[in-house]
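Residues per chain are reported as follows:
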Amino acid sequence: MWDLDTTDTWSYVVFVVASAALLIYSSMMMFIIVTVVASKIFLHKPTSQHELGDVVPGVSIIKPLVGVDPLLEYNLESHFKLSYPKASGANGIVNPMVQNMAPAYAAAQYEYVWISSSRIEGKLQKPNVSLVHQIPFTTDSPGFGSSVEKIYFGSAMTRFYVSFNVLGLCCVTGMSYIFKKPLLDQANGLAWFGRYLAEDFFLTRALHERGHMVMSAIPAKQNVGQTTVCGFINRMVRWMRLRLNMMTAVTGILEPLSDCFPLGIWAGWAFYHFFAINPFIFFIFHVLSWLVLDYIQLKTIQNGKLLFCKAEYVIAWMVRELSSTYVFILAVLNPHHIKWGRHTYKVKMGGLVELVQEKTKLQQL
């Protein structure tokens, strides 16, 4: 147990490390509880056609296309079937994504622009602030890999996404968001953000600084068909590498320590150090509580029956949580190079990116 009268340097170090564990553990539990409660209150309560009224702002829809997704035709069609009275579509044709979107952005005829990636099934609410964004989620797809992916987006990602937005912090992904075009033009316009691979991170941060933003009550469902575990891990590694270069301290230190298993071990030791609580009992209770709370959160986001049973949920949840450390290691071993589509990019500290010139087979000869 800790003795406040000791002057031993090592004891001070242990005290600080144990205190940090309690602080991070308390913060994570707060985020989880806030997310579960806020999701129950706010999600899946869309604006009705009556609430929209007779006069609504027009919305220009941009669907950036990077390759051909398995369900691309359906995803595009869903946007043309929207019941919103004033929406127009525009498509770019050039890679990478920002270059793809730039011509469509320049041609957008309405004040509001909706950027919705080619993987997103279309739904629309009344845009009345500087930025309206959707929680990323997935449609129901068969396969264990799809279950792992759904659990990640419905629990691990949502822990921070919902709670940060409830607390007024900027946490947005670029899968589906509506913003006021004049405000983005004040921040140098869409093309300027093409210097970043994670343009959505910097773009939405600039918009957040210029006005209030709102999280939509309807999640953005990625509709990409069946996913493998390897495909999911590769995607997570790519995202982790981006975050390591954009938010090095947070991603490199806090993020791996806030995952369920590493945090459970660390907090278990801290609770034993301060309160003499059996660390093994604490760890079991910790894992079970996260497992249950994540399931409640996942069901709330799903807003219906899950495609998999509870037993598969437990296995897929374990795989997802255990894979997070593996993803972190892979990302740290090669933090600056990201393969996206047919190209490889070098990401610099701060998020700036440059295309890596790859030799063709003819050049190699």
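Worth saying up front: this structure is predicted, and the values here are computed from it rather than measured. (Residues numbered from 1 in each chain as written. Predicted model: local features only at pLDDT ≥ 70, side-chain atom pairs only at ≥ 80, totals over all residues. Heavy atoms only, no water.)

What about the packing of helix H8 (residues 229–246) against helix H12 (residues 310–333)?
Any two packed helices are characterised by the angle at which their axes cross and by the distance between the axes. What counts here: Only C-alpha atoms enter the line fits that serve as axes; for helices the fit covers just the stretch in contact. Angles between N-to-C directions range over 0 to 180 degrees. Helix numbers and strand numbers start at the N terminus; a helix is a DSSP run of H or I with at least 4 residues, a strand a run of E with at least 2. Any angle between 65 and 115 degrees counts as roughly perpendicular, while under 35 counts as roughly parallel, over 145 as roughly antiparallel, and the rest as oblique. Helix crossings get a hand from a simple test, with the near helix turned counterclockwise from the far one by less than a right angle marking a left-handed crossing and a clockwise turn marking a right-handed one. Any two residues having at least one pair of non-hydrogen atoms within 4.5 Å are treated as being in contact. Any residue outside Ala, Val, Leu, Ile, Met, Phe, Trp, Tyr, Cys, Pro, Asp, Glu, Lys and Arg is labelled polar, Gly included; the first ten of those are nonpolar and the last four are charged.
Between H8 and H12, the least distance of the axes is 9 Å, while the angle of their chain directions is 55°. Of the possible angle classes, the one that applies to H8 and H12 is oblique. Considering only the axes of H8 and H12, their crossing is right-handed. Counting all contacts with H8, which are made through Phe232, Ile233, Met236, Val237, Met240, Arg241 and Leu244, the residues of H12 involved are Arg320, Ser323, Tyr326, Val327, Phe328, Leu330, Ala331 and Val332. When grouped by side-chain class, the residues that make up the contact of H8 with H12 number 12 nonpolar, one polar and two charged.

Quick look at a nonpolar patch on the surface
For the record, the criterion: Any residue with relative accessible area above 30% and no salt bridge may belong to a patch, with like charges joined within 9 Å and the nonpolar Val, Leu, Ile, Met, Phe, Trp and Tyr side chains within 5 Å. In short, Shrake-Rupley with a 1.4 Å probe defines the accessible areas, and a residue's cover is counted only from the protein chains shown. We define a salt bridge as a contact between a side-chain nitrogen of Lys or Arg and a carboxyl oxygen of Asp or Glu at a distance within 4 Å. For every residue, the accessible area obtained with a 1.4 Å probe (protein chains only) is divided by the maximum for its type, and the residue is called buried under 20%, exposed over 50%, and partly exposed between those limits.
Together, Ile33, Val37, Ile41, Phe42 and Val166 give the surface a local cluster of nonpolar side chains, amounting to about 440 Å² of exposed area. No other element matches the four residues that helix H1 (residues 9–42) contributes to the nonpolar patch. Examined against the element boundaries, Val37 turns out to sit in helix H1. For Val37, a relative accessible area of 43% translates into the label partly exposed.

What to know about the packing of H1 against helix H11 (residues 279–302)
Put simply, H1 and H11 touch, their axes get as near as 9 Å, and they point 25° apart. In terms of orientation, H1 lies roughly parallel with respect to H11. Where H1 crosses over H11, the two elements pack in a sense that is left-handed. Every residue of H11 that contacts H1 at Tyr25, Met28, Met29, Ile32, Thr35, Val36, Ser39 and Lys40 is listed here: Phe282, His286, Trp290, Leu293, Ile296, Gln297 and Thr300. Partitioning the contact of H1 with H11 into residue classes produces nine nonpolar, five polar and one charged.

Quick notes on the packing of aromatic side chains
Note the threshold: Pairing of aromatic rings covers Phe, Tyr and Trp, the last through its six-membered ring, and needs centres within 6.5 Å; plane angles under 30 degrees mean stacked, over 60 mean edge-to-face, and all others mean tilted.
Summed over all chains, the structure comprises 21 aromatic pairs. An angle of 50° between the planes, with centres 6.1 Å apart, marks the rings of Phe274 and Phe275 as tilted. Judged by relative accessible area, which is 49%, Phe275 ranks as partly exposed. Taken together through their ring pairs, the aromatic side chains of Phe15, Tyr25, Phe271, Phe274, Phe275 and Phe282 make up a single cluster.

A look at the sheet that holds strand S10 (residues 343–347)
Here is the rule: Two strands pair if DSSP finds at least two bridges between them.
Taking strand neighbours across the sheet as the criterion, the three strands line up as S9-S10-S11 in an open arrangement whose pairing is antiparallel. Strand pairing shows two members of the sheet lacking a second neighbour, strand S9 (337–340) and strand S11 (353–355), which therefore form its edges. When strand polarity is set aside, the average angle formed by the axes of neighbouring strands in this sheet is 30°. The pairing of S9 with S10 spans four bridges and is classified as antiparallel. Its bridge partner being in S10, His337 is matched across the sheet by Lys346. In the packing of H8 onto the sheet, contacts are made with S9 and S10, and the angle to S9 comes to roughly 140°.

Re the confidence of the model for the chain
For clarity, the threshold we go by: Along the chain, pLDDT gives the predictor's confidence residue by residue, from 0 to 100.
For the chain, per-residue confidence averages 81 on the pLDDT scale, and residues scoring 70 or more make up 78% of the total. Here residues 119–128 is a poorly scored stretch, pLDDT under 50, and it has 52 contacts once near neighbours within four places are set aside; other chains count.

Observations regarding the pairing of S10
Connecting S9 to the next strand, S10, in antiparallel fashion are two residues, including Gly341 with a positive phi near 70°. Note that S10 and S11 share three bridges and pair antiparallel. Bridge pairing in S11 places Tyr345 opposite Leu355. If you look at the hairpin formed by S10 and S11, you'll find five residues sitting between the two strands, and Gly350 has a positive phi there, around 100°.

A few points about H12
Definition in use: Helix span, expected: 1.5 Å multiplied by one less than the number of residues in the helix. At any given residue, the bend is defined as the angle formed between two axes, one fitted to the seven residues that end at that position and one fitted to the seven that begin there.
A rise of 1.5 Å per residue sets the reference length of H12, with its 24 residues, at 34 Å; its end C-alpha atoms lie 35 Å apart and thus fit the reference within 8%. For H12, the principal kink sits at Ser324 and spans about 30°. Among the residues of H12, Tyr313, Ala316, Trp317, Arg320, Glu321, Ser323, Ser324, Val327, Phe328 and Ala331 are the ones counted as buried. Packed against the buried residues of H12 are helix H5 (144–166), H8, helix H9 (248–257), helix H10 (260–275) and H11.

Some remarks on the nonpolar core
Operational definition: Here, nonpolar core refers to any group of buried Ala, Val, Leu, Ile, Met, Phe, Trp, Tyr and Cys residues whose side-chain atoms link them within 4.5 Å.
Counting residues in hydrophobic clusters, the biggest one holds 85 residues, and the most contacted among them are Phe179 and Trp317. The element contributing the most residues to this core is H1, with 11 residues. Of all hydrophobic cores here, the second largest spans six residues; its members include Ile61, Tyr112, Trp114 and Val132.

Section: the UniProt feature "transmembrane region" (unreviewed entry) in the chain
For the record, the criterion: UniProt positions are given in the numbering used here, feature names are shortened, and annotations may be inferred rather than shown by experiment.
Taking the UniProt record as the reference, the feature "transmembrane region" (unreviewed entry) is found at residues 12–38, 160–179 and 271–293. Counted over residues 160–179, helix gives 35% and strand 20%. Its end C-alpha atoms are 22 Å apart. With 87% helix and 0% strand, residues 271–293 has end C-alpha atoms that lie 21 Å from one another.

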